[in-house]
Amino acid sequence: MQDLSLYSSEKIYYSYKLAGLGSRFIGFFLDTLILIGIYAVLAGFGAAVFGILGDVSQTVTFITIAVLIIFYLLVSFGYFIFFETIWNGQTPGKKAAGLRVVRKTGEAVTFSSILVRNLMRIVDALPAGNFVGIAAISFSRNHQRVGDMVADTVVIRDDQTGQPILFEAGDTDPELAEKIRPRLFMVDEKDFSLIREFFTRMPYMKPYHAAGVAEKIAGGLASKLEFQPGEIKSPIVFLKTVGALFREK
Amino acid sequence: MNSQKFIEINRETWDRLQNILDRIERRGVSGLSREELESVGPLFRRTASHLAQAQGNFPDVADYLNRLVARAHSHLYRTESFSWRNIFYFYTRGFPKLVRVYRYYFLAAAAVLVASAVWGAALNHYGSGLAGLALPEEIREAVNQNFARGETGVKIDNSLKPLFSSAIMVNNIMVSFYCLVLGITWGTGTVFILVRNGLLLGALAEIFAGAGLSLEFWSLILPHGILELFAVTLCGGAGLLIASAVVRPGEYTRMDALRLKAREAMKIAMGSIPILVIAGIIEGFITPAGISPGAKLIFAGFTAAAAALYVMSGRQEEKKGDSRNAGPVSV
């Protein structure tokens, strides 16, 4: 995954994770499904008018069709513009796929950027099957489609922020800690980031999966630290203890 | 200090910021209480400085803080927001000013239209083999058959009017959009669409003139056509504006020039949509109405005067201030 690094106005260096073709496709696909749903409702509404009123006069028929045509145009462009405006760069599909549109300078999208990037969908859809857009996202530096380039926007991953991992006193095992302390020099930065990564993701994992993964990591680490196979009783406590000790170092 | 301590000390700050962000995401900035609103700035700055600290000293927290700061940044920093007042300002002031500023592009688009109309008329008049280019054979035959029956074509059944009106409106809006965005093809797409429409208009006018029906023809075209051609010229001009960025970027790179010009071009397109909507309504209801051709031409005159007044109002606006900043939809 590629990053877009920026300086905030506080002159702090931070970065966004840019969304790639895959996640953007998922977002677009979901939005398309919703749009098809809306079109189906529109068509159903038309059918209902004819169905309920039965043999309606021509005037009613054509007024209905006229209204439907206008709604079609409004919906197909308005959907993206409306949601990106009220949800700060997200549509329902983007939200589900964990994406957000921001200005390339890191600010919230503006209404005019939203207009530009969505009207330019016409160009990105050329010549068929969104070919231009897909090519542009694949090859441009910041994974932008033509509409993004013109509007100066990027699509970023807007995942859960998560929590910083704290190894609290209650979670660690003082007895075990005493055993680990002399061997702590064998733990390196890589092991620690593995532990940290695991605990970052643990809240989002199913419990039995988490237990399995914890056992694997703890098993590897334990043999590296020359523990006997039966010596580690709870893998999660072991990992937390190692993490806390390493941080203290 | 180790990162464990660092987290313990500052965690409350981050949690508070995160809660506020959650609320903004759910209910928007207006959903915040007064205290939250007042605290969000300091909280963000504190967290941002923690990020800087963590990048140097506590790499294991830096990723979390980066995500928090990035997320906050994309919510808290914005240069403009949507408002109806801005939209109103754009249509009354900003748009006429834009038209004034880029008038040469619109004149160029109009010139292309007129020249191709003349060309279409000439092709048709001299019975050139290329006349089929201007006017497809089927249309020509249909028109001629109507002449033979003594009709002049457009007689829309009352019940059909709304359908025609909206279908035409949608079609014109799409044509205008294409005219605009195809400017990116070095202007060839834009010019192609302009020429095709011009040829068609010229050829049709020549056929009706040949049959001695010019008055009928123009009374059928102009009531809505003035506004329609006006809007197509605007979008064509906007397309040429985009093309100018690609063809002759000047001191900018092509990409930067495109960014600058495309924004202005899009504003012009947004400005011309209501014009097309009005034209579509006229085309559905007034053009086929059973009033005399003369009255229709007078009506056409009114639309022309209204369009001219609208554009002229841009002249005073231009004198007032910076032409680059056309207001609301400004960047």
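Check the entry above for the structure.
The model shown is predicted, which means the values in this text are computed figures rather than measured ones.

Novice: Explain the interface of chain B and chain A to me, and be specific about the residues and the numbers.
Specialist: The figure often quoted for interface size is the accessible area lost as the parts come together. Across the boundary between the two partners, chain B contributes 61 residues, which contact 58 residues of chain A. Surface buried jointly by chain B and chain A totals about 5,400 Å² across both partners, of which 65% is contributed by carbon and sulfur atoms. Our enumeration of links across chain B and chain A arrives at three salt bridges.

Novice: Provide a residue-level description of the environment of B:Ala122, including the pertinent values.
Specialist: With respect to the element layout, B:Ala122 can be found in helix α5 (residues 103–125). Sequence spacing of B:Ala122 and B:Glu206 is 84 residues, and the spatial spacing of their C-alpha atoms is 8.0 Å.

Novice: Break down the packing of aromatic side chains for me, with residues and values.
Specialist: Per the stated rule, a full pass over the model turns up 19 aromatic pairs over all chains. Both rings, one in A:Tyr14 and one in A:Tyr16, keep their centres 5.5 Å apart while their planes meet at 75°; by these two values the pair is edge-to-face. The residues A:Tyr14 and A:Tyr16 share a single accessibility class, namely buried. Considering the side-chain rings of B:Phe90 and B:Tyr91, the 5.1 Å spacing of their centres and the 70° angle between planes classify their relative orientation as edge-to-face. When its relative accessible area of 2% is taken as the criterion, B:Phe90 is described as buried. Take B:Tyr91: its relative accessible area is 25%, and that puts it in the partly exposed class. Each member of the aromatic cluster is reached from another via a ring pair, and the members are A:Tyr79, A:Phe80, A:Phe82, A:Phe83 and A:Trp87.

Novice: Tell me what's going on with the packing of helix α2 (residues 34–57) of chain B against helix α3 (residues 59–76) of chain B, and back it up with residues and numbers.
Specialist: Residue and element names in this part refer to chain B. Packing of α2 against α3 leaves a shortest axis separation of 8 Å and a crossing angle of 150°. Seen from above, α2 lies across α3 with left-handed handedness. Across from Val40, Phe44, Thr47, Ala48, His50, Leu51, Ala54, Gln55 and Asn57 in α2, the residues of α3 making contact are Pro59, Ala62, Leu65, Asn66, Leu68, Val69, Ala72, His73 and Leu76. Partitioning the contact of α2 with α3 into residue classes produces twelve nonpolar, six polar and no charged.

Novice: With reference to specific residues and values, describe the nonpolar core.
Specialist: If you look at the biggest cluster of nonpolar residues, it comprises 55 residues, and the most contacted ones within it are A:Met120, B:Leu180, B:Leu234 and B:Ile268. If one sorts the elements of this core by residue count, helix α11 (residues 254–285) of chain B sits on top with twelve residues. Discounting residues that sit within four places of it in the chain, B:Ile268 has contacts with B:Phe95, B:Leu98, B:Tyr102, B:Phe106, B:Leu234, B:Ala238 and B:Leu241. Judged by nonpolar contacts, the second largest core, of 32 residues, contains A:Val102, A:Ile156, B:Phe6 and B:Leu21.

Novice: Any details on the pairing of strand β4 (residues 153–157) of chain A? Residues and values, ideally.
Specialist: All names here are of chain A. Taken across its five residues, β4 has four buried, putting it largely inside the fold. Note that strand β3 (residues 99–103) and β4 share five bridges and pair antiparallel. Looking at β4, one finds that Leu99 is bridged to Arg157.

Rules of the game
- Residue positions are given per chain, counting from 1 as you read along its sequence in written order.
- Following the order in which they are written, the chains are lettered starting with A and the ligands numbered starting with 1.
- Given that the model is predicted, a residue must reach a pLDDT of at least 70 before its local features are reported, and side-chain atom pairs must reach 80 or more before they are shown or counted; all residues, however, enter totals for whole chains, interfaces and linings.
- Hydrogens are left out, water is left out, and the side-chain values use all remaining heavy atoms of the structure.
- Pairs of residues are marked as contacts when any of their non-hydrogen atoms sit within 4.5 Å.
- The quantity reported as buried area is the accessible area (1.4 Å probe) lost by two parts once they are put together, taken as the sum for both.
- In the sections that follow, a salt bridge refers to a side-chain nitrogen of Lys or Arg positioned within 4 Å of a carboxyl oxygen of Asp or Glu.
- Helix and strand labels come from DSSP, where a helix needs a run of H or I of at least four residues and a strand needs a run of E of at least two; each type is numbered from the N terminus.
- Any two of the Phe, Tyr and Trp rings considered here, Trp counted by its six-membered ring, make a pair once their centres fall within 6.5 Å; the pair's planes then place it as stacked at under 30 degrees, edge-to-face at over 60, or tilted in between.
- Categorising residues by exposure relies on relative accessible area from a 1.4 Å probe, with only protein chains included: less than 20% of the type maximum marks a residue as buried, more than 50% marks it as exposed, and the intermediate range marks it as partly exposed.
- To get an axis, a line is fitted to the C-alpha atoms, and for a helix only the part in contact is used. The angle between two axes follows their N-to-C directions and goes from 0 to 180 degrees.
- Put simply, a crossing is left-handed when the front helix is turned counterclockwise from the back one by less than a right angle, and right-handed when it is turned clockwise.
- Throughout this entry, Asp, Glu, Lys and Arg are counted as charged residues, while Ala, Val, Leu, Ile, Met, Phe, Trp, Tyr, Cys and Pro are counted as nonpolar. The remaining residues, Gly among them, count as polar.
- As used here, the term nonpolar core means buried Ala, Val, Leu, Ile, Met, Phe, Trp, Tyr and Cys residues forming a set that is joined through side-chain atoms within 4.5 Å.
- Two strands pair if DSSP finds at least two bridges between them.

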